[in-house]
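# Examination of the molecular architecture
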There are 2 protein chains.
Amino acid sequence: MENKIYVVGMGPGDEQMMTAQAIHVLDESEVIIGYKVYIDLLGERFSDKELLSGVMKKEVERCELAFEKANEGKKVAIICSGDAGVYGMASLMLEIGQRYEDIDVEIIPGITAATSGAAVLGAPLNHDFCVISLSDLLTPWEKIEKRLVAAIEGDFAIAIYNPSSRKRHDYLKRACEIMLSHCDGNRACGIVENIGRNQTKSKTMTLDELKDTEVNMFTTVFIGNSETVIQDGKLITKRGYLSE
Amino acid sequence: MENKIYVVGMGPGDEQMMTAQAIHVLDESEVIIGYKVYIDLLGERFSDKELLSGVMKKEVERCELAFEKANEGKKVAIICSGDAGVYGMASLMLEIGQRYEDIDVEIIPGITAATSGAAVLGAPLNHDFCVISLSDLLTPWEKIEKRLVAAIEGDFAIAIYNPSSRKRHDYLKRACEIMLSHCDGNRACGIVENIGRNQTKSKTMTLDELKDTEVNMFTTVFIGNSETVIQDGKLITKRGYLSE
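Residues numbered from 1 in each chain as written. Chains lettered and ligands numbered in written order. Predicted model: local features only at pLDDT ≥ 70, side-chain atom pairs only at ≥ 80, totals over all residues. Heavy atoms only, no water.

This part is about the relation of the copies chain B and chain A. Between the two copies, chain B and chain A, the superposition gives an RMSD of 0.0 Å; the rotation angle is 180° and the shift along the axis is 0.0 Å. On the angle and the small slide along the axis, the relation comes out as a two-fold axis. The residues that chain B uses at the interface reappear at the interface of chain A in 100% of cases, marking a shared surface. (Least-squares fit on C-alpha atoms with pLDDT ≥ 70 in both. Contact = heavy atoms within 4.5 Å.)

What follows is the structure in structure tokens.
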């Protein structure tokens, strides 16, 4: 009998923002693996499961642990915040899965911060958009710079993930400076902190102001395209219906 | 008392892929407005509501209808497939909402086809990515072309929405030709049809093959970045953990 591991996107954190499918898969699981902060967000409902968090930054080991547990015959789910396939564990699980012929990997999508954060700010991604991570742990900074420039040149709205961390406190400033050398400083922007969790905070501002704004690792940043506006405190990228 | 209209992303269609929050909001609504095909997907659960679909392509009228119903004191939800803020009605509702001071517009996010389709194919968007619509109803084709080129030049993975329609049957071919003039023909790609509905179909292929593939309006198309691979029939954009 084939065994299956589910890689589950849990959305921003609030159970209300998980899909019924994701909740069902976790309900059926015996082992749930994920970063401690996500395990903690799951709450009481899943406290009877074997909950394993492993060590931060040991992603490969954490994924291998999932396959080992599945090999023991356990029903296993690995959880990711947001969507499992957007900077989540989906690709790594599929890669490692090549070594385990009898174990199937199924991806359960979730709501990623680009769209949950956009909903808080208004509708900043309501036309073509890019998603870019500023983390250079696995990506050379030159490549990130190149993508920021391409995104501005293509006039995309942009959602920025991982805009800051302890070691990368000035990365958002650097990213803004690069974008500012290709677009105007009054470009409409916004930030959202702790989406779908307690104390969600959001703010709209210009790109000039964003450059000097401190954000943390729980912030998602939005850069409008050339037509994005701030109206009544909402960040809106129009689709064009009213200008037809 | 302030009245509120919810703009609800229903995900790909299956109720199992809606969030608890979206289902709750629809349960509480008296009037649900949306394209007929989405209203039909809602099914029995909401059949006691006042269900209004309006006329195709009359988006402004449909949104105004929502405000009229809310003005009558009704609890109103307007539904969009996928996410309300990704080619959905969020921005238009916020724009029209400027004229209705007493009515608040709240956006309820949903799972957009980029991530639900990615989950079917494997993990094609597991690094920086762009979302581009090929519909030129509201966007000049030149702008779409420019974005396709920028997306390839920035080495983004790409999710393409609205790749085809009756009037635009050759648009995907045209888009592929533009991308092929900036990248190799063996770029890993995939398509998914009817995500989260009956008869979901998916297929991986090269960009050369995609150019000559017929798709319909219920298809989402994925173009890998330069490092995306097809392994065991899955489309995988690696994050780089295993090459550290």
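As a further point, take the interface of chain B and chain A. Of the residues lining the interface, 67 residues belong to chain B; the matching set on chain A comes to 67 residues. Among the residues chain B hides against chain A, the three largest losses belong to Leu138, Arg147 and Tyr241 of chain B. Together they make up 12% of the total. Between chain B and chain A we count 10 salt bridges in total. The salt bridge involving Glu227 of chain A is made with Lys143 of chain B; its shortest N-O contact spans 3.4 Å. Run the count over chain B and chain A and you get 40 residue pairs in polar contact (both at pLDDT 80 or more). Within the side of chain B that touches chain A, the residues separate by chemical class into 29 nonpolar, 22 polar and 16 charged. For strand β7 (residues 129–133) of chain A and strand β7 (residues 129–133) of chain B, the ladder comprises 3 bridges, and the chain directions are antiparallel. (Buried area = accessible area lost by both parts, 1.4 Å probe. Salt bridge = Lys/Arg side-chain N within 4 Å of Asp/Glu carboxyl O. Polar contact = N/O pair within 3.5 Å; in protein donor to acceptor, adjacent residues only side chain to side chain. Nonpolar A, V, L, I, M, F, W, Y, C, P; charged D, E, K, R; others polar. Pairing = 2+ DSSP bridges. Helix = DSSP H or I, 4+ residues; strand = E, 2+ residues; numbered from the N terminus.)

Before going further, it helps to examine the pairing of strand β9 (residues 188–193) of chain B. All names here are of chain B. β9 sits mainly inside the fold: 6 of its 6 residues count as buried. What you see with β9 is no split at all: Ala188, Gly190 and Val192 on one side and Cys189, Ile191 and Glu193 on the other are buried throughout. Relative to strand β10 (residues 201–206), β9 is paired through 6 bridges, and the arrangement is antiparallel. Paired with Glu193 across the strands is Lys201, a residue of β10. Where β9 and strand β11 (residues 219–223) come together, 5 bridges link them in antiparallel fashion. Bridge pairing in β11 links Val192 to Thr220. (Buried < 20%, exposed > 50% of the residue type's maximum accessible area, 1.4 Å probe, protein only.)

All names here are of chain B. Where helix α6 (residues 141–153) contacts helix α7 (residues 171–180), the two axes come as close as 9 Å, and the packing angle between them is 45°. Of the possible angle classes, the one that applies to α6 and α7 is oblique. The two elements α6 and α7 meet at a crossing, and its hand is right-handed. Within the contact between the two elements, α6 uses Trp141, Glu145, Leu148, Val149 and Ile152 and α7 uses Tyr171, Arg174, Ala175, Ile178 and Met179. Counted by class, the contact of α6 with α7 contains 8 nonpolar, no polar and 2 charged residues. (Axes fitted to C-alpha atoms, helices over the stretch in contact; angles between N-to-C directions. Parallel < 35°, antiparallel > 145°, perpendicular 65-115°, else oblique. Left-handed = near helix turned anticlockwise from the far one by under 90°.)

What you tend to see is this: most non-glycine residues have negative phi, and most peptide bonds are trans. Residue and element names in this part refer to chain B. The phi torsion at Gln199 lies on the positive side, around 60°, for a residue other than glycine. Following the sequence through the fold, Gln199 ends up in the loop between β9 and β10. Not every positive phi belongs to a glycine, and Asp232 is a case in point at roughly 50°. With respect to the helices and strands, Asp232 occurs in the loop between β12 (229–231) and β13 (234–236).

A word on the pattern of salt bridges. Opposite charge on two side chains lets them pair, provided their charged atoms get close. Evaluated as defined, the whole model comprises 30 salt bridges over all chains. One salt bridge connects Arg147 of chain B with Asp128 of chain A, and the closest N-O pair in it is separated by 2.8 Å. Of this pair, Arg147 of chain B sits in helix α6 while Asp128 of chain A sits in the loop between β6 (122–123) and β7, which puts the two residues in different chains. A residue is classified by how much of its surface remains accessible, and Arg147 of chain B, at 2% relative accessible area, is buried. For Lys238 of chain A, the salt bridge identified is with Glu95 of chain B, shortest N-O distance 3.6 Å. Placement of the pair is Lys238 of chain A in the segment after β13 (234–236) and Glu95 of chain B in helix α4 (residues 90–97), with the two residues belonging to separate chains. Because the salt bridges share partners, they merge into one network encompassing Asp128, Asp155 and Glu227 of chain A together with Lys143 and Arg147 of chain B.

Attention shifts here to the nonpolar core. Core analysis: the biggest nonpolar cluster contains 54 residues, and Leu210 of chain A together with Leu210 of chain B have the highest contact counts within it. Excluding residues within four positions of it along the chain, Leu210 of chain B makes contact with Leu172, Cys176, Cys189, Ile191, Met205, Val221 and Ile223 of chain B. Core analysis: the second largest hydrophobic core is formed by 34 residues, Ala118, Ala159, Tyr161 and Ile195 of chain B among them. (Core = buried A, V, L, I, M, F, W, Y, C linked by side-chain atoms within 4.5 Å.)

Quick look at helix α3 (residues 59–71) of chain B now. Residue and element names in this part refer to chain B. For α3, with 13 residues, the first-to-last C-alpha span of 19 Å sits near the 18 Å given by 1.5 Å per residue. Along α3, the residues that are buried comprise Glu59, Val60, Arg62, Cys63, Ala66, Phe67, Lys69 and Ala70. Elements in contact with the buried residues of α3: β1 (3–9), β2 (31–33), β3 (50–52), β4 (76–80), α4 and β5 (103–108). (Expected span 1.5 Å × (residues − 1).)

The next point concerns the sheet that holds β3 of chain B. Residue and element names in this part refer to chain B. Strand order in the open sheet made by the 5 strands is β3-β2-β4-β1-β5, with parallel pairing throughout. Where the open sheet ends on each side, the last strands, each with one partner, are β3 and β5. Across the sheet, the axes of successive neighbouring strands diverge by a mean angle of 20°, strand direction being ignored. Pairing analysis gives 5 bridges linking β1 to β4, with the strands arranged parallel. Directly across from Val7, in β4, lies its bridge partner Ile78. Seen against the sheet, helix α1 (residues 20–28) touches β1, β2, β4 and β5 and runs at an angle of roughly 135° to β1.

This part covers the packing of aromatic side chains. Counted by the stated rule, this structure contains 8 aromatic pairs over all chains. When the centroid spacing of 4.5 Å and the interplanar angle of 15° are considered together, the rings of Phe67 of chain A and Tyr100 of chain A count as stacked. Of the two residues, Phe67 of chain A is situated in helix α3 (residues 59–71) and Tyr100 of chain A in the loop between α4 (90–97) and β5 (103–108); the sequence distance between them amounts to 33 residues. Under the relative-accessibility criterion, Phe67 of chain A is labelled buried at 0%. Of the residues examined, Tyr100 of chain A reaches a relative accessible area of 17% and is grouped as buried. It is Arg147 of chain B that lies over the ring of Phe156 of chain A; its NZ or CZ is 5.7 Å from the centre. Its guanidinium or amino end placed over the ring of Trp141 of chain B, Arg174 of chain B lies 4.5 Å from that ring's centre, counting from NZ or CZ. (Phe/Tyr/Trp six-rings, centres within 6.5 Å; stacked < 30°, edge-to-face > 60°. Lys NZ or Arg CZ within 6 Å of the ring centre and 35° of its normal.)

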